[in-house]
Structures are given as structure tokens and as C-alpha cells.
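Architecture at a glance
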Amino acid sequence: MVFNITSIKTSSDGVWQDDNPLHYAFPLLIVQTTLVIFISRLLSFFLKPLRQPKVIAEILGGILLGPSALGQYKELTQWVFPSWSTPILESVASVGLLFFLFLVGLELDLTSIRRSGRRALWIASSGILLSFLFGIGITFLLRKTVIGADRVGFAQCFLFMGVSLSITAFPVLARILAELKLLTTQVGETAMAAAAFNDIAAWILLALAVALAGGSHKSPLLSLWVLMSGVGFVIFMVVAVRPAMEWVASRCSKPGHHDHVEEGFICLTLAGVMISGFMTDLIGIHSIFGAFVFGLMIPKHGEFAGTLIRRIEDFVCGLLLPLYFASSGLKTNVNKIKGMEAFGLLAVVISTACTGKILGTFLMGMLCMIPARESLALGLLMNTKGLVELIVLNIGKEKKVLNDEMFAILVMMALVTTFMTTPMVMAVYKPARKILSIVHHRSLMESSSHYLRTLQAELRVLACVHGSKNSPSMINLIDSIQSPNTYSNMKLYILHLLELTERSSSIMMVHKVRKNGVPRINNFREGKSDYKLESAVLKESKVKVRSLTTISALPTMHDDICHVADKKRAAIIILPFHRQPQRGYNEEEPALIGQGWEVVNQRVLSHAPCTVALLVDRGLSRSNPKRVCVVFIGGPDNREALELGGRMAAQADTKLTIIRFLMKSGEDENHSPIKPEDADIDKVNLKKKIKD
């Protein structure tokens, strides 16, 4: 059916008035969005066992909806993706792309990048330089082989080709590092910093390529004017906009604004994203550059940046960005790659892209005294393409630098290089994290002064915290078991558990973790009271404190907890209990954890190499004297609880009450006969505790 674009209406009058909603702009957009999200989520579900990032599924979903697969059915294309709807779909997708690049700018912390040192800069530069050198040969090859590729000037084609071969997708890389548990390792930190350097350099080179492509059809001087205007825009943003956003961030970080950012500041910032995009489009550079630069100008400290990301990331990344993949897929026709010559060309492009990036990073890593295995892993990680590559290719196609066949070849190259990253890194460099076999299960009794008076035993405690809500009670519990009068010293490991998700705010967490290497947990808030963990537990000279952080998804977080407990030889792990809101729940009551953490606690209980204690937080009091009750029935768990109660009773301000239950007919709680020796052991332990 042929439509006049000027006669298209926004909404229909309904089927009862013989209107087909698919002939109107907004109902059709709803159908397109629903179809795109369904297909991308379905592919993501099937690719998840292969540990592939979500961007792979979204790119594949876009290609499937395009002329490569479903687009071959003309009736379906005219029904769901008619030609008159393309400008509407691309406009909505461009809004999502604009705000996504703003989020990318928010994720890049220039201060953290600068702190990473010269090694990351040299690694990023070597990968870019060698890829650009290889890009010269690929440009010559494509211009000689692909029909119509020589219609564009060599400089413009070479710049786009060099950027597409050298770019590293920073957001996709962060997710791959998280999936492989490498975020807080030396390899992960170096890869993140080098990718950030690479991203900034690639955007600058892409802006240069866009400026040259825009002025190639008229006058070369136009490209110079575009570049000078772009530099002036960046200077204006640094001189004028950055101080203004610093002031806004400081206002939102004042006392009283901790959990609330004024709506006016949010709306002002979102309007700033749109205006910045319009300014760069007015200059002649793509609008996404303005949004990216504006994101860089927002300070990363305080609550403002995190609040911005939480407000817009789900809507942008979950709804609008998949539309960009769909619009890109409608332009991608893999069927253009025909014959052995075309597939040979694709193989050459993929191998050249991989060789330039991996070899350049590997050689510079070796020169920087990084071990060969880690250098090779860095090269594989830096070869990640994904979404950022797709943006570059779409701009090249929009500027008429890339034709259909070149575009399809480079899209396939981006897919293959991103797909191969995770399995190849796992094959080359994957530190063992899981505890496959526990030779010895450590307990509190082993570190007790009753058993090891002469060996000066050391009690090692691993305390896990989610945040400020459950921290005060955890502090009070640890303060209660210091037992300054016992023979054993205490070494306390505080493990801050951070959940890593697909959200962009997870990258902000990574930057905060990397800012000082391993972060210190030194201030928690509950109401008006400040708790300083170090001062609370360091008041006795026998206590040593170490702070650690783990960032991982909830299904695999128990691996990290058990790994730390095994590595630090902890005798006990203390976990916050996974409480759920009940009817009549008092909101002022602390420590509401959430259902997702229940699986973490259950798996830690199953795999832990030591004793595990669950802290059910009912507002553990700091009042003196402290009253503690230990319910003793029998068995190893009760003996550990008795040992813990004994340590509490060693403090002068603690009163311990022990209640012992005896089963009828000589049976224990599992209805199995009680052995005489077990009863004697329990009686001896009980007498010792009472005597102490």
C-alpha cells in the first residue's frame, strides 16, 4: 500500500470505524517496539548460557528484523516496517541513542582515568596505532574489491575504517569483565582504564571523520570550520557548563538532599542533553557528540550523577535503545555478502581487526612488564566492539562513506569479535574462583582460647554488608565478640557486597571501587547517628581490620564470598538475613534486604568453608549491660553458637544466659538417639562456658 507521508496521522479512530491502527504512526510504533523488545529478550535468553553480553542479542535481533531474514517477506515488511514509518522509528531511536551517549559520558570518570597511570594510556595508544596502520591496507583492499567503494575520498574512508577497527566498546567490556569476575583484578582495572582512553580517542577521531565527510562534497575549508567549531564547543563546555554542573552537584550533595534530588535540576540536565545535541548537529558534527561531551562535564562524585543514571537508564537502555538496533538492522543486508570472494574479504577484515588490536595491546603489555598471559588477555578484552562500533558504522553509512556491502561486512566483524571475547579470555586467562573441594571445615572452636592456649590462635571473621541499613547492627555484633580477655586475637575482614546488573549505574560502582584501589568502609548512616567502623572495632589493640569489596551478579556472588573466606582462612562468615516486608511492617525498622539475597545466603550456607552466621536484624541495641541468650539443644551448630556466646560473655558489660533443651527418651532434635559421649561433650562445654 502506498502512503503519502504528509497525510499520515498520529492515531486512529479504532477498528469499529474501519480504521487499521497499523496505518497510523503511534499504534504502529507501539507494535514495532513490542516486537523488537520481544525478539531481543528472547535471543538474550538463549545466548545467556554462552555468557554473551546482551548487546549481541540486540544486534542479532535487529539483523533478523531487517532484509537479512524476516525482511525478505515483503508482506511482513509492508505490514510492520513500512517505508513511511522509517523516519518516525529512527527519530525515536535517535532520542534513545542521544541519552545513551550521555550515559556513556557519565560512566567515564576522567579523574579515575587520569589516576590509572601511563601504562593504560600506552596500551590504548598502541592498540589504536596498529589498528589504524592495518586499516590503511583494508581500505585499499575494500576500494579495489567492493563495487562503488571508491566513490568516497580515501581520507574519509580510511578514518572511518581506522576507527571501526580500533574502537573498544567500554560499556560492553565492563559487562564482560563482570561476567568473568575480573573487574577488581589487575587485568580488569588496566582494561577498563585503557578502554576509557580508547573511547575518548575514538570519539575525537570519529568527529574528525564526520567533519571531513561533511565537507568533502563542497569545499575542504568547510571541514576546517567544522573542526574549529567543534573545538570551540568543547572549550565552552569545559569553561562554562562544567562549573555550573559542579554547582548543581554540590547543591544536591548537601545534607538533606542525600536521598532526594530536586526535579528542577533533573529537568535542567535532560534539557541540557538535548540542547548540546542540537548544538553539535548545528555545527555539522553528529548530535551524539554533544550529549557525550555533556555527560563528561557532570561531576562523578556525590549523589547527582548516580541519581541521573537511575532515573533514565531503564527507559533508555530497556526501551529506546533496542529501537536503534532495529533501525540499524533494517539497513543491514547480510545477503550482500555473496560468493567466495566476499566471504574471503569478510575473513580478511575480521582477522586484520583482531590481529591489529590484540597484537598491539600484547606487545605494549609485554613492554610494560605485564606477564604474557595477562597481556594476551588484555588484547582479547580490548578487541570488544559491540554497540559503539555499530554507532560508528551507522554514522558512516549515513554520511555515504560506507555502502551496503561494506556496512554488512563491518557489522559482521563487530559481531564476531565481540562474540569471541568471552570464550577466548576464559581459555587464556580465568583465575580459579570456585572452591571445588574443602579439605577442612574451619570453626570458631579451633580459634578458641580453650583449645589453643599455647598457639596464640587468631579468630578471623568475615562480615558481609550490603550497605548502610544493616551496618550498625553488624558493627554492634562484631563489637560484642571482640573478647579482649581471651587469648586469641581477632582479624576482621569487611566484605562490601555490591550487586552488578545490566544497568549503567553498575559502571559507576566500578569507578568508585577503583578510585582508591580497594575502598574503605568508614561511614554508615542510620538516622542522625554516624558509625565509624574502624573506630568501633579498633578500640582494642588485638583487632585488625581489612576492607574488601566484591562486585558480581547475585547468582554468582556466593562464589566470591566463599573464595574470600577460604583465601583469608576465616573461621566464621556473618551474613545479613534476607528479610521480607510483612503486613503491618514498620518502615522505620532497619535492614530490609530483599528476596534476591535469599539465594545468596542459601548458596553460601551450602558451599562455605567455615561456620556461617545469619544476622537477623531487629535493631541490635547498644545499651549496657548487654543481655545475650544462647539456646542450646546439641550438635555442631549449637556448639558454635555456644562458643560465640562465650566470647560475648568475656566482656564485662555482657550478661549471658544459656538455656539447654533436652529431648525426651534420649533423642536429639532429629529424633536420632543421643550418644553418651556427645552428651558428655555438651555437658563439659556448657560447664566451661558457665565457669568462664
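Since the structure is predicted, the reported quantities are computational estimates derived from the model, not experimental observations. (Residues numbered from 1 in each chain as written. Predicted model: local features only at pLDDT ≥ 70, side-chain atom pairs only at ≥ 80, totals over all residues. Heavy atoms only, no water.)

Moving on, we come to a nonpolar patch on the surface. On the surface, Leu-129, Leu-133, Ile-136, Phe-140 and Phe-154 cluster together to form a nonpolar patch covering roughly 460 Å² of accessible area. Of the residues forming the nonpolar patch, the biggest block, four residues, is contributed by helix H6 (residues 118-145). In this structure, Phe-140 sits in helix H6. Classification of Phe-140 by relative accessible area gives partly exposed; the value is 47%. (Patch = residues over 30% accessible without salt bridge, like charges linked within 9 Å, V, L, I, M, F, W, Y side chains within 5 Å. Areas by Shrake-Rupley, 256 points an atom, 1.4 Å probe, with all protein chains shown as cover. Salt bridge = Lys/Arg side-chain N within 4 Å of Asp/Glu carboxyl O. Helix = DSSP H or I, 4+ residues; strand = E, 2+ residues; numbered from the N terminus. Buried < 20%, exposed > 50% of the residue type's maximum accessible area, 1.4 Å probe, protein only.)

Mean pLDDT over the chain stands at 77; residues scoring 70 or higher make up 76%. Contacts for the low-pLDDT stretch residues 434-439, under 50 throughout, to residues beyond four places or in other chains number eight contacts. Every residue in residues 449-455 is under pLDDT 50, and counting partners more than four places away or in other chains gives 10 contacts. (pLDDT = per-residue confidence, 0-100. Contact = heavy atoms within 4.5 Å.)

Moving on: the packing of helix H1 (residues 25-47) against helix H2 (residues 54-65). Where H1 meets H2, the axes come as close as 8 Å, and the angle between the chain directions of the two elements is 130°. The angle between H1 and H2 places the two elements in the oblique class. In this structure, the crossing between H1 and H2 has a hand that is right-handed. Along its contact with H1, which presents Leu-35, Val-36, Ile-39, Ser-40, Arg-41, Leu-43, Ser-44 and Leu-47, the element H2 presents Lys-54, Ile-56, Ala-57, Glu-58, Leu-60, Gly-61, Leu-64 and Leu-65. (Axes fitted to C-alpha atoms, helices over the stretch in contact; angles between N-to-C directions. Parallel < 35°, antiparallel > 145°, perpendicular 65-115°, else oblique. Left-handed = near helix turned anticlockwise from the far one by under 90°.)

Where charged atoms from two side chains of opposite charge approach closely, those side chains can pair. Throughout the structure, instances matching the rule amount to three salt bridges. A salt bridge links Glu-90 to Lys-331; the shortest N-O distance between them is 3.8 Å. Here Glu-90 is found in helix H4 (residues 86-107), whereas its partner Lys-331 is found in helix H13 (residues 304-331), with 241 residues between them in sequence. According to the relative accessible area criterion, Glu-90 is partly exposed, its value standing at 28%. With a closest N to O distance of 2.3 Å, Lys-397 and Asp-404 form a salt bridge. For Asp-404, a relative accessible area of 34% corresponds to the partly exposed category.

Counting residues in hydrophobic clusters, the biggest one holds 143 residues, and the most contacted among them are Phe-102, Phe-160, Trp-203, Leu-206, Ile-298, Phe-304 and Ile-391. Top element by residues in this core is helix H9 (residues 186-215). It accounts for 16 residues. Split by domain, this core shows at least three residues from each of two domains, domain 1 (15-427) and domain 2 (459-518 + 528-579 + 596-615). Beyond its immediate stretch of four places on either side in the chain, Leu-206 contacts Phe-160, Val-163, Phe-289, Val-392 and Ile-395. (Core = buried A, V, L, I, M, F, W, Y, C linked by side-chain atoms within 4.5 Å. Domains from an automatic or database assignment.)

The subject of this paragraph is the packing of helix H7 (residues 154-166) against helix H16 (residues 387-398). With their axes 9 Å apart at the nearest point, H7 and H16 run at an angle of 165° to one another. The angle between H7 and H16 falls in the class roughly antiparallel. For the pair H7 and H16, the crossing hand works out as left-handed. Seen from H7, the contacting residues are Phe-160, Val-163 and Ser-164; seen from H16, they are Glu-389, Val-392, Leu-393, Ile-395 and Gly-396.

Following the sequence through the fold, Lys-400 ends up in the loop between H16 and helix H17 (404-428). Since its relative accessible area comes to 64%, Lys-400 is described here as exposed. A sequence separation of 187 residues divides Lys-400 from Ala-213, and the C-alpha atoms of the two residues are 8.3 Å apart.

Most of strand S2 (residues 489-499) is tucked away, with nine of its 11 residues classed as buried. Where strand S1 (residues 458-465) lies against S2, eight bridges are found, and the strand directions are parallel. Within S2, the residue paired with Cys-464 across the bridge is Leu-495. (Pairing = 2+ DSSP bridges.)

Moving on to the packing of aromatic side chains. Under the definition given, this model contains seven aromatic pairs. With 5.7 Å between their ring centres and 80° between their planes, Phe-132 and Phe-158 make a pair best called edge-to-face. In this pair, Phe-132 sits in helix H6 while Phe-158 sits in helix H7, placing the two residues 26 residues apart along the sequence. In this structure, Phe-132 and Phe-158 share a single accessibility class: buried. Judged by centre distance (6.5 Å) and plane angle (70°), the ring pair of Tyr-324 and Phe-325 falls under edge-to-face. Of the residues examined, Tyr-324 reaches a relative accessible area of 7% and is grouped as buried. Residue classification places Phe-325 among the buried positions, given a relative accessible area of 2%. In textbook terms, an aromatic cluster arises when at least three aromatic residues are bridged by ring pairs, as seen for Trp-203, Phe-289 and Phe-292. (Phe/Tyr/Trp six-rings, centres within 6.5 Å; stacked < 30°, edge-to-face > 60°.)

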